Amino acid sequence: MPMENIDTDQIIPARFLKATTREGFGENLFSDWRTQSDGTVNENFVLNNEMYKGEILIAGRNFGCGSSREHAAWALYDYGFRAVVSSFFADIFKGNALNNGLLPITVSPEFLNKVFLAIEKEAKVSFEIDLQNQTFSCKRIDLQTHFEINSYKKHCLLNGLDDTDFLVRQKSKIEAFEAAHVIG
């Protein structure tokens, strides 16, 4: 999706924000783009093309701008995406993505352009993410870059943890700290 400035209302329109659990939002991901006004499938929208199915969404600059709705990350994850690659993410979207198991990978504008050119040249081109080594690469051509990620969030993603899971795993350390610092 080479479009720039894709906002959270385009990712998941507000009319679908009636649930408070994370499940079920994927079916309405990019709903206004995936369907025509009469409800039929928009054959020209990239996600309706089987050739572009996968777990990595490649998007234009400023992905996730607009409102701070966490539902955007929920919808992307529920649809099956596990990472989004762009040259810039809105800060709140980036935080929401990381908090919900979705990896936002920021690459340079020049690198992103090379990725779009590789896709244009061969639609079935495959990409690989190595979270441990923090690299994003194209499998068939010499195209690789390093990406930054907060070490805590990296640990959580590698271990399938959200913030609550992480804290629960620290229970014995927290109890030991409390026992050592009891005043009275």
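Note that the structure is a prediction, hence the values are computed from the model and not measured. (Residues numbered from 1 in each chain as written. Predicted model: local features only at pLDDT ≥ 70, side-chain atom pairs only at ≥ 80, totals over all residues. Heavy atoms only, no water.)

1. Here we look at the packing of helix 3 (residues 71-79) against helix 4 (residues 91-99)
And then number 1: Taken N-terminus to C-terminus, the directions of helix 3 and helix 4 make an angle of 50 degrees; their axes are 8 Å apart at the nearest point. When the axis of helix 3 is compared with that of helix 4, the two are oblique. Pair helix 3 / helix 4 crosses with right-handed handedness. Along its contact with helix 3, which presents Ala72, Ala73 and Leu76, the element helix 4 presents Phe93, Asn96 and Ala97.
And then number 2: Here the residues of the contact of helix 3 with helix 4 sort into five nonpolar, one polar and no charged. (Axes fitted to C-alpha atoms, helices over the stretch in contact; angles between N-to-C directions. Helix = DSSP H or I, 4+ residues; strand = E, 2+ residues; numbered from the N terminus. Parallel < 35°, antiparallel > 145°, perpendicular 65-115°, else oblique. Left-handed = near helix turned anticlockwise from the far one by under 90°. Contact = heavy atoms within 4.5 Å. Nonpolar A, V, L, I, M, F, W, Y, C, P; charged D, E, K, R; others polar.)

2. A word on the sheet that holds strand 6 (residues 143-146)
And then number 1: Pairing in this open sheet of three strands is antiparallel, and the strands run 4-5-6 from one edge to the other. Edge positions in the sheet fall to strand 4 (127-130) and strand 6, since each has one partner strand and no second. Across this sheet, the average inter-strand angle for adjacent strands is 15 degrees, counted without regard to direction.
And then number 2: When strand 4 meets strand 5 (residues 135-138), the two strands line up antiparallel, connected through four bridges. Bridge pairing in strand 5 links Asp130 to Thr135.
And then number 3: Running over the sheet, helix 5 (residues 109-121) touches strand 4, strand 5 and strand 6 and is turned about 150 degrees from strand 6. (Pairing = 2+ DSSP bridges.)

3. Some details on the environment of Asn99
And then number 1: Of note, Asn99 is situated in helix 4.
And then number 2: By relative accessible area, which is 29% here, Asn99 ends up partly exposed.
And then number 3: Here the alpha-carbon distance between Asn99 and Phe81, two residues 18 residues apart in the chain, equals 14 Å.
And then number 4: Not counting chain neighbours up to four residues away, the residues in contact with Asn99 comprise Lys153, Asp162 and Asp163. (Buried < 20%, exposed > 50% of the residue type's maximum accessible area, 1.4 Å probe, protein only.)

4. A closer look at the side chain of Thr8
And then number 1: Along the chain, Thr8 falls in helix 1 (residues 8-11).
And then number 2: With near-sequence residues (within four places) excluded, Thr8 lies in contact with Gly64, Cys65, Gly66, Ser67, Arg69 and Ala72.

5. A word on the nonpolar core
And then number 1: By size, the foremost hydrophobic cluster in this structure holds 25 residues, and its most contacted members are Ile11, Phe30, Phe63, Leu76 and Phe93.
And then number 2: Elements that contribute at least two residues to this core include exactly helix 3 and helix 4.
And then number 3: With five residues, the top contributor of residues to this core is helix 3.
And then number 4: Dropping the residues within four chain positions of it, Leu76 is found in contact with Ile11, Leu29, Phe30, Leu57, Phe63, Phe81, Val84, Phe93 and Leu102.
And then number 5: In this structure, Leu112, Phe127, Leu143 and Phe147 belong to the second largest nonpolar core, which totals 20 residues. (Core = buried A, V, L, I, M, F, W, Y, C linked by side-chain atoms within 4.5 Å.)

6. As for the environment of Ala179
And then number 1: Position of Ala179 relative to the elements: it lies in helix 8 (residues 171-180).
And then number 2: Along the backbone, Ala179 and Asn159 are 20 residues apart, and their C-alpha atoms lie at a distance of 28 Å.

7. Looking at the pairing of strand 6
And then number 1: Residue alternation in strand 6 divides its side chains into a buried set, Leu143 and Thr145, and an unburied set, Gln144 and His146.
And then number 2: When strand 5 meets strand 6, the two strands line up antiparallel, connected through four bridges. In the strand pairing of strand 6, Ser137 is matched with Gln144.
And then number 3: A loop of four residues connects strand 5 with strand 6, the two strands running antiparallel in sequence.

8. Some words on the sheet that holds strand 3 (residues 103-106)
And then number 1: With parallel pairing, three strands are arranged side by side in an open sheet as 1-2-3. Single-partner strands in this sheet number two, and they are strand 1 (56-58) and strand 3. Looking at each pair of strands side by side, their axes are set apart by 20 degrees on average, direction ignored.

9. Some words on the packing of aromatic side chains
And then number 1: This model, assessed by the stated rule, comprises ten aromatic pairs.
And then number 2: Pairing Tyr79 with Phe81 gives two aromatic rings, centres 5.4 Å apart and planes at 25 degrees, and the pair type is stacked.
And then number 3: Of the residues examined, Tyr79 reaches a relative accessible area of 24% and is grouped as partly exposed.
And then number 4: Relative to Phe93, the ring of Phe89 has its centre 6.1 Å away and its plane inclined at 15 degrees; by these criteria the two rings are stacked. You'll find Phe89 and Phe93 in the same group, each marked buried.
And then number 5: Among the aromatic side chains, those forming a connected cluster through ring pairs are Phe30, Trp33 and Phe45.
And then number 6: The ring of Phe88 carries Arg61 above its face, with NZ or CZ at 4.9 Å from the centroid.
And then number 7: Against the face of Tyr77 rests Arg82, its NZ or CZ located 3.6 Å from the ring centre. (Phe/Tyr/Trp six-rings, centres within 6.5 Å; stacked < 30°, edge-to-face > 60°. Lys NZ or Arg CZ within 6 Å of the ring centre and 35° of its normal.)

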